[in-house]
Amino acid sequence: MNRDQLDRLALDAAYEQAVKSGREGGIPIGSALVDGAGNVVAAGHNLRVQEGDPTAHAETACIRKAGRRRDWRQLTLASTLSPCAMCTGTAVLYRIPRVVIGEHTTFMGREDWLRAEGVEVRVLDDERCIALMREFIAAKPDLWNEDIGEP
């Protein structure tokens, strides 16, 4: 499996999670961890609304589901949206070497920090991810502002 195929597979798994979160009434952001063979190791979605937990972002939910492991440095983390500082910090902490991002037009996270730590960052500018977030932000601006810490 080449990198393009791996990245698309990872983002597809993350996108499925984002749609699931939206259906549950949550923030439609999803994440997935895949190994080099394209196996989805874990997947998760933003659960902040569903669980009332401000730290339950998609990437952290996904990494929690991955459990205890020693192969973090062989994995790729995909997220439908550019990771915030907390999620970036989690990826940096576990030295995940590659992060695939669906889009960063609706929110620019800490891609600069990922790159500064030597993480390979790939932004796919995925139209599905962009449309999903634009529709959500237009429909629920107060919930979105709450999620990103805006008054």
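Each chain has its residues counted from 1, running along the sequence as written. Two thresholds apply to this predicted model, a pLDDT of at least 70 for residue-level local features and 80 or more for giving and counting side-chain atom pairs, whereas whole-chain, interface and lining totals are computed over all residues. For the side-chain quantities, the full set of heavy atoms in the structure was used; hydrogens and water were omitted.

Put simply, side chains in a regular strand alternate between the two faces of the sheet. Burial here depends on accessible area, computed with a 1.4 Å probe over protein chains only, as a share of the maximum for the residue type. Under 20% is buried, over 50% is exposed, and the range in between is partly exposed. Secondary structure elements are taken from DSSP: a helix is a run of H or I of four residues or more, a strand is a run of E of two residues or more, and numbering for both begins at the N terminus. Burial along strand β3 (residues 76-79) is two-sided: Thr 76 and Ala 78 and Leu 77 and Ser 79, pointing in opposite directions, are all buried. Relative to strand β4 (residues 98-101), β3 runs parallel, the two sharing four bridges. Bridged to Leu 77 within β4 is Val 99. By convention, a crossover is right-handed whenever its connection, traced from the first strand over the helix to the second and viewed with the strands pointing away, goes clockwise. As for the winding sense of the linkage, the β-α-β connection from β3 through helix α4 (residues 85-93) to β4 is right-handed. Two strands qualify as a pair provided that DSSP identifies no fewer than 2 bridges between them.

The geometry of two aromatic rings is summed up by the distance between their centres and the angle between their planes. Pairing of aromatic rings covers Phe, Tyr and the six-membered ring of Trp, with a centre-to-centre limit of 6.5 Å; geometry is then stacked below 30 degrees between planes, edge-to-face above 60, and tilted otherwise. All told, the structure shown has three aromatic pairs when counted by the stated rule. Seen from their ring centres, Trp 72 and Tyr 94 are 4.9 Å apart, and the 40° between their planes marks the pair as tilted. Within this pair, whereas Trp 72 is found in the loop between α3 (58-66) and β3, its partner Tyr 94 is found in the loop between α4 and β4, the two being separated by 22 residues in sequence. Residues Phe 136 and Trp 144 carry aromatic rings whose centres are separated by 6.5 Å and whose planes lie at 90° to one another, so their mutual orientation is edge-to-face.

Relative orientation of the contacting elements α3 and α4 amounts to 30°, with a least axis distance of 8 Å. Here Glu 59, Thr 60 and Ile 63 of α3 lie close against α4, whose contacting residues are Met 86, Cys 87 and Thr 90. For the contact of α3 with α4, a count of residues per class yields three nonpolar, two polar and one charged. Note on definitions: angles span 0 to 180 degrees between N-to-C directions of axes, and those axes are lines fitted to C-alpha atoms, for helices only across the stretch in contact. Contacts between residues were defined by any pair of non-hydrogen atoms, one from each residue, lying within 4.5 Å. Amino acid classes used here: Ala, Val, Leu, Ile, Met, Phe, Trp, Tyr, Cys and Pro are nonpolar; Asp, Glu, Lys and Arg are charged; the rest, including Gly, are polar.

Turning to helix α6 (residues 127-139), a few remarks are in order. With 13 residues, α6 ought to run about 18 Å at 1.5 Å a step, and its terminal C-alpha atoms sit 18 Å apart, in line with that. Listing the buried residues of α6 in full gives Cys 129, Ile 130, Leu 132, Met 133 and Phe 136. Projected onto a plane normal to the axis of α6, the buried residues spread over an arc of 165° and lie on a single side. What points out from α6, more than 90 degrees from its buried face, is the exposed set Glu 127, Arg 134, Glu 135, Ala 138 and Ala 139. Residues of α6 that are buried make contact with α1 (3-23) and α7 (141-147). In this scheme, a helix's expected span is set at 1.5 Å multiplied by one less than its residue total. Here the arc refers to the set of directions running from the helix axis out to each C-beta atom.

Structural measurements only, silent on function.
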